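# Structure assessment
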Amino acid sequence: MSESPLGSNIKVISFDVEGTLVTPDFSKGMWFECIPEYYGKKNKVPFEKAVRMLAAEYDRVGDGRLEWYDVRHWFKAFDLGDYHQALQRCLPRIRLYPESEAVLKALGRRYRMIVISASIREFLEYLVADIKQHFESVISTVTDYKELKTPELYARICHDLNISPSEVVQVGDNLQYDFVNPRAAGLQAVHLDRRGQRDGKLVVADLTEFCRLLPGDQPLC
Ligand SMILES: [Mg+2]
């Protein structure tokens, strides 16, 4: 097996969820179909127009702010009542990536595993429902800490879980939140680029590649 670019002291693997273990289908459905549909019906606006209007509102707030992630914020802002019905309608869209379960099973034999996701708890519980047994901790940074995945928050989570940052490797699809920020806090990190457009020693195109990047004499996957 070739030399791993990761340190040999890894004890914990921390996974992002959306775009990493679970496809974006659920989120896309929620933000760009279910919510615009509700909005369009209520305000008698054609669906396509509602999509454009809401997309502009989402962009105006932007993913650097907590409310962007919060379905309750948007249902309140658009005066749409209770979000649970829309949520129920979108739940069948939840899909794991094809390799997710096998990789979790293999890695769980050697590592402690956690989830650090910015998805709100209301979504996260459903997103990881089928794979929850693999994780000792499932953290929604937005719900549990009222924070995005900043370097300070990564440090705080390591402290709270009594883990040394250098013993953790974060894997996720967002370059800033899953790679740059954890590294700034002393964690190790691997960027998952499912488009396969970036290359580098710490970039992988799927989770099987990530698994093969980990140090060890025998590949787990
Ligand atoms: Mg993600």
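Structure first, text after, so check above.
Note that residues are indexed from 1 along each chain, following the sequence as it is written. Residue-level local features of this predicted model are given only where pLDDT is at least 70; pairs of side-chain atoms are given and counted only at 80 or more, and the full residue set underlies all totals for whole chains, interfaces and linings.

### Some words on helix α8 (residues 151-160)
For clarity, the cut-off: With C-beta atoms placed from the backbone, a residue is buried if 20 or more other C-beta atoms are within 10 Å of its own, exposed if 12 or fewer are, and partly exposed between those counts. The numbering of helices and of strands both runs from the N terminus, where a helix is a DSSP run of H or I of at least 4 residues and a strand a run of E of at least 2. Note that the arc is defined by the directions from the helix axis to the C-beta atoms. Note on contacts: residues are paired as contacts if their backbone-placed C-beta atoms lie within 7 Å.
Regarding α8, the residues found buried are Leu153, Tyr154, Ile157 and Cys158. What you see down the axis of α8 is that its buried residues fit within an arc of 140°, all on one side. With respect to the buried face of α8, the exposed residues turned more than 90 degrees away are His159 and Asp160. The inward-facing, buried residues of α8 contact β2 (112-117), β3 (137-140), α7 (141-145), β4 (168-172) and α9 (175-184). Phi turns positive one or two residues past the end of α8, at Asn162, with a value near 60°.

### Section: the sheet that holds β3
Quick note on the threshold: Criterion used throughout: strands pair if DSSP finds at least two bridges between them. Helix axes are fitted only over the stretch in contact, all axes being lines through C-alpha atoms; the angle between N-to-C directions runs from 0 to 180 degrees.
Reading across from one edge, β3-β2-β1-β4-β5-β6 is the order of the 6 strands in this open sheet, with parallel pairing throughout. The open sheet has two free edges, formed respectively by β3 and β6 (203-204), since each of these has just one partner strand. Of the strand pairs in this sheet, β4 and strand β5 (residues 188-192) are connected by 4 bridges, and their pairing is parallel. Looking at β5, one finds that Gln170 is bridged to Ala189. Across the sheet, α9 lies against β4 and β5, angled at about 160° from β5, the strand it touches most.

### Points about α9
Among all positions of α9, only Tyr177, Asp178, Phe179, Asn181 and Pro182 are buried. Contacts made by the buried residues of α9 are with α8, β4 and β5. One or two positions beyond α9, positive phi appears at Gly186, with a value near 90°.

### Some details on the pairing of β2
Short version of the rule: By convention a crossover is right-handed if, when the strands point away from the viewer, the path from the first strand over the helix to the second runs clockwise.
Note: strand β1 (residues 12-15) against β2, 4 bridges, orientation parallel. Paired with Ser14 across the bridge in β2 is Ile114. Pairing between β2 and β3: 4 bridges, direction parallel. Paired with Ile114 across the bridge in β3 is Ser137. For the crossover that starts at β2, traverses helix α6 (residues 121-127) and ends in the parallel β3, the hand is right-handed.

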